[in-house]
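Residues per chain, in single letters:
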Amino acid sequence: MNIWLKPHRIVLLLMALALVVYAGLSMQWDWVPRYSGLLLHGIWMTIALLITTCALGFLLAVPLGLFQVTGPKPLAFACRGFCTAIRGTPLLLQLWLIYFGLGSLFPQFPEIMDSFLWPYLRQAWPYALLSLTLSFAGYEGEVMRGAFAGVPAGELEAAHAYGMKRMTVLRRIWLPRAILRALPTLNGEVVLQLKSTPLVATITVVESYAVTSTIRQETFIIYEPLLLISLIYMVLTAISVVIFSYFEKKVPVHDV
Amino acid sequence: MFIDKLELLALTPPGWGSVLLHGLANSLAVAGGGYCLGLLIGIFGAFGKLYGGPVIRDLLACYTTIIRAVPELVLIVLLFYAGSDIVNHVLQAFGASPVDINGMAAGIGVIGIVQGAYSTEVLRGAIKAIPPGQIEAGRSYGMDPLLLLRHITLPAMLPYAIPGLSNLWLIATKDTALLAVVGFTELTMATRQAGAATREYFLFFIAGGLLYLAVTLLSNAGIRILERKASVGLPDVG
């Protein structure tokens, strides 16, 4: 029998439907068409931030994990310290440290104010990008450390026995095997990162949550924009889960 | 030059140290309260998901799915306003005058509801990991459900639940920072206020970060001790 057609599910679905209809009729939604352009821009910014920071963060996480496993002692220690610091403090604090802290230090150096970077450094988004990237790298670096350490030693020995150089072993065996091992956790990390993106609204970056705040301030409507944005985040989470499960099926996972 | 600035961290004014420590105390109180509330919700949620009827199971599935798919920041803002509104509506219905919900109570409620969804999943997994024979043995001794819970299920699931639950505690301490957005003076907010007043953002955010880090590292040490105690008599699975 279809899982949706059990008697109690039909009743629950009807009740949910009634709730939605009630919310649609009794609550105030006339602002949606007026702000739809702004909302779409916000959603697009959220997605762009998510994809860039995850990609950059992952690129940073690979050396962070690798150095912790095989790097020279001081380097391994530094990478470990970075991951611990990122994972041990709230993202909001890191974000504000980078935005307000670095932002207040930069103007003290005339070299920076004269450089070509200054027009960018006066905007908020580079700080948001940096902070979210470092955060993702910190969490994912820890995952990659486990993944690198978990590749069976016999496989690496076999590669050495074939006369591969260290870099070749890394490129052909160690890195691909480690990434395969880290894949199942990647979806969870990406969803966590998606849920972290609204924090950048606190430093005036205009993404979907910031748009919601704008709407609430301009229309004095309290709940409706927050409910809509919750729904949007649920849809984005669902999309991410679907995309990842598609790719997980494509990747051959024998024993990882 | 930097050494002079450290005086700003002194405990007595003009130092801001006591403001930061007060914020830290607020953070820890909300995290502790919210964590306990979440644990309570989690215990009921886990049992509902495992042994409840079909309706309870579906409703709990909705609760955990929605909470885990929506950003904590949005949930906190939503529940913070909705919670105070609902309480005041109820009070008005009983003819009482509306009250200003204090930030601490609202914070504990909000963090608790968010944590509850995650602990439901952790505890459900832990209960399922108990070898079924142990629970069956308890039943065949004629234990009633409460006795079974107290003597078998809760102690037996603890070693499986501790890694997940300790992770949740660390998340709770960090999630309290989000209450800064609704104006509650916890550590992150206190740090920002100190930074804004003195224009020394960098110094204060580093100091605030070190306080959070100290909480995390101390918690980690405590968790390790707890793990060793709870896994006595279990085969070492590394």
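This text follows the structure it describes.
A brief structural summary. (Residues numbered from 1 in each chain as written. Chains lettered and ligands numbered in written order. Predicted model: local features only at pLDDT ≥ 70, side-chain atom pairs only at ≥ 80, totals over all residues. Heavy atoms only, no water.)

1. Some thoughts on the overall build of chain A
Step number 1: Secondary structure summary: chain A contains eleven helices and zero strands in total.
Step number 2: Helices and strands in chain A line up, N terminus first, as α-α-α-α-α-α-α-α-α-α-α.
Step number 3: Based on the C-alpha atoms only, the size of chain A along its principal axes is roughly 70 × 70 × 30 Å.
Step number 4: Classification of the 256 residues of chain A by burial places 42% in the buried group.
Step number 5: Considering only contacts within chain A whose residues lie at least 6 apart along the sequence, 77% involve residues at least 24 apart.
Step number 6: With the model as given, the accessible surface of chain A reaches about 14300 Å², and the carbon-plus-sulfur share is 72%.
Step number 7: Computing the positive centroid from 18 side-chain charges and the negative centroid from 13, chain A places the two 9 Å apart. (Helix = DSSP H or I, 4+ residues; strand = E, 2+ residues; numbered from the N terminus. Buried < 20%, exposed > 50% of the residue type's maximum accessible area, 1.4 Å probe, protein only. Contact = heavy atoms within 4.5 Å. Areas by Shrake-Rupley, 256 points an atom, 1.4 Å probe, with all protein chains shown as cover. Lys, Arg positive; Asp, Glu negative; His and termini not counted. Charge placed at Lys NZ, Arg CZ, Asp CG, Glu CD.)

2. Some points on the interface of chain B and chain A
Step number 1: With 35 residues of chain B in contact, the opposing surface of chain A contributes 34 residues.
Step number 2: At the boundary of chain B with chain A, total buried surface from both sides reaches about 3200 Å², with 77% on carbon and sulfur atoms.
Step number 3: When the area that chain B buries against chain A is broken down by residue, the three leading residues are Lys174(B), Phe202(B) and Phe205(B), summing to 18%.
Step number 4: Here chain B and chain A share two salt bridges between them.
Step number 5: Between Asp58(B) and Arg9(A) there is a salt bridge, with its nearest N and O atoms 2.6 Å apart.
Step number 6: Scanning the region where chain B abuts chain A turns up eleven residue pairs in polar contact (both at pLDDT 80 or more).
Step number 7: Put simply, the parts of the chain that give the side of chain B that touches chain A at least two residues each are α3 (54-69), α4 (72-93), α8 (187-198) and α9 (201-230) of chain B.
Step number 8: Per-element tally for the side of chain B that touches chain A: the top contributor is α9(B), with ten residues.
Step number 9: Considering only residue class, the side of chain B that touches chain A consists of 25 nonpolar, four polar and six charged. (Buried area = accessible area lost by both parts, 1.4 Å probe. Salt bridge = Lys/Arg side-chain N within 4 Å of Asp/Glu carboxyl O. Polar contact = N/O pair within 3.5 Å; in protein donor to acceptor, adjacent residues only side chain to side chain. Nonpolar A, V, L, I, M, F, W, Y, C, P; charged D, E, K, R; others polar.)

3. Describing the pattern of salt bridges
Residue and element names in this part refer to chain B.
Step number 1: For the structure on display, the rule yields six salt bridges over all chains.
Step number 2: Salt-bridge contacts for arginine 124 lead to glutamate 121; the nearest nitrogen and oxygen are separated by 3.5 Å. Residue arginine 124 and its partner glutamate 121 are both found in helix α5 (residues 103-129); the two are separated by three residues, about one turn of the helix.
Step number 3: On the accessibility criterion, glutamate 121 (18% relative accessible area) is buried.
Step number 4: One network of salt bridges, in which partners are shared, links Lys49, Glu121 and Arg124.

4. Looking at the nonpolar core
Generally speaking, a soluble globular protein has its nonpolar side chains buried in company with each other.
Step number 1: Residues Trp96(A), Met144(A), Phe148(A) and Tyr209(A) are the most contacted members of the largest nonpolar core, which totals 86 residues.
Step number 2: In this view, Trp96(A) contacts Gly101(A), Thr202(A), Ile203(A), Ala180(B), Thr188(B), Arg192(B) and Phe205(B); residues no more than four positions away in its chain are not counted.
Step number 3: Counting residues in each nonpolar core, the second largest holds 15 residues, with Leu123(B), Ala126(B), Ile127(B) and Ile135(B) among its members. (Core = buried A, V, L, I, M, F, W, Y, C linked by side-chain atoms within 4.5 Å.)

5. With respect to the side chain of Glu200(B)
Residues and elements named next belong to chain B.
Step number 1: Position of glutamate 200 relative to the elements: it lies in the loop between α8 and α9.
Step number 2: Exposure remark for glutamate 200: the relative accessible area of 18% places this residue in the buried category.
Step number 3: Those residues in contact with glutamate 200 that lie beyond four places of it in its chain are Lys5, Leu8 and Gly195.

6. So, the environment of Thr53(A)
All names here are of chain A.
Step number 1: For threonine 53, the position within the fold is in helix α2 (residues 31-70).
Step number 2: In this structure, the C-alpha to C-alpha distance between threonine 53 and proline 107, residues 54 residues apart in sequence, is 26 Å.
Step number 3: Setting aside residues no more than four positions away along its own chain, threonine 53 makes contact with Leu129, Leu132, Thr133, Phe136 and Gln193.
Step number 4: At a separation of 2.7 Å, a polar atom in the side chain of threonine 53 contacts the main-chain carbonyl oxygen of leucine 49.

7. As for the environment of Pro198(A)
Step number 1: Here Pro198(A) shows up in the loop between α9 (166-196) and α10 (208-219).
Step number 2: For the pair Pro198(A) and Ala210(A), spaced twelve residues apart in sequence, the C-alpha separation works out to 7.4 Å.

8. Describing α10(A)
Step number 1: Along its twelve residues, α10(A) runs 16 Å from first to last C-alpha, staying within 8% of the 16 Å computed at 1.5 Å per residue.
Step number 2: In terms of burial, α10(A) is largely enclosed, as nine of its twelve residues are buried.
Step number 3: Within α10(A) the residues assigned to the buried category are Ser208(A), Tyr209(A), Ala210(A), Val211(A), Thr212(A), Ser213(A), Ile215(A), Arg216(A) and Thr219(A).
Step number 4: Those residues of α10(A) hidden inside the fold are in contact with α2 and α11 (224-250) of chain A together with α4 of chain B.
Step number 5: The backbone nitrogen of Tyr209(A) lies 3.1 Å from a side-chain oxygen of the residue at the head of α10(A), namely Glu207(A).
Step number 6: Among the residues trailing α10(A), Phe220(A) stands out with phi positive, at a value near 60 degrees. (Expected span 1.5 Å × (residues − 1).)

9. Points about unusual backbone geometry
Step number 1: With a phi angle near 70 degrees, Thr204(A) is a residue other than glycine that sits in the positive phi range.
Step number 2: The residue Thr204(A) is located in the loop between α9 and α10 in this model.
Step number 3: The class of Thr204(A) is exposed, set by a relative accessible area of 58%.
Step number 4: At Arg199(B), a position not held by glycine, the phi torsion is positive, near 60 degrees.
Step number 5: Checked against the element boundaries, Arg199(B) lands in the loop between α8 and α9.

10. What to know about α9(A)
Because each turn of an α-helix spans 3.6 residues, side chains separated by three or four positions end up pointing in the same direction.
Step number 1: In a regular helix each residue adds 1.5 Å, so 31 residues correspond to 45 Å; α9(A) covers only 37 Å between its end C-alpha atoms and thus falls short of that length.
Step number 2: At Pro184(A), α9(A) shows its maximal kink, close to 50 degrees. (Bend = angle between axes of the 7 residues up to and from the residue.)

11. Thoughts on the packing of α2(A) against helix α3 (residues 73-88) of chain A
Residue and element names in this part refer to chain A.
Step number 1: Contact pair α2 / α3: the axes reach a minimum separation of 8 Å and the direction vectors enclose 130 degrees. Between α2 and α3, the crossing angle belongs to the class labelled oblique. Judged by the sense of rotation from one axis to the other, the crossing of α2 with α3 is left-handed. The residues of α3 that touch α2, namely those facing Leu64, Phe67 and Gln68, are Leu75, Ala76, Cys79, Arg80, Phe82 and Cys83. (Axes fitted to C-alpha atoms, helices over the stretch in contact; angles between N-to-C directions. Parallel < 35°, antiparallel > 145°, perpendicular 65-115°, else oblique. Left-handed = near helix turned anticlockwise from the far one by under 90°.)

12. Quick word on the packing of α9(A) against α11(A)
Residues and elements named next belong to chain A.
Step number 1: α11 packs onto α9 with a crossing angle of 165 degrees between their chain directions and a minimal axis gap of 10 Å. It follows that α9 is roughly antiparallel to α11 by the angle criterion. Note that α9 runs across α11; the crossing there is right-handed. Between α9, through Leu183, Pro184, Leu186, Asn187, Val190, Val191 and Leu194, and α11, the contact on the second element is made entirely by Tyr233, Leu236, Thr237, Ser240, Val241, Phe244 and Glu248.
Step number 2: Split by residue class, the contact of α9 with α11 holds ten nonpolar, three polar and one charged.

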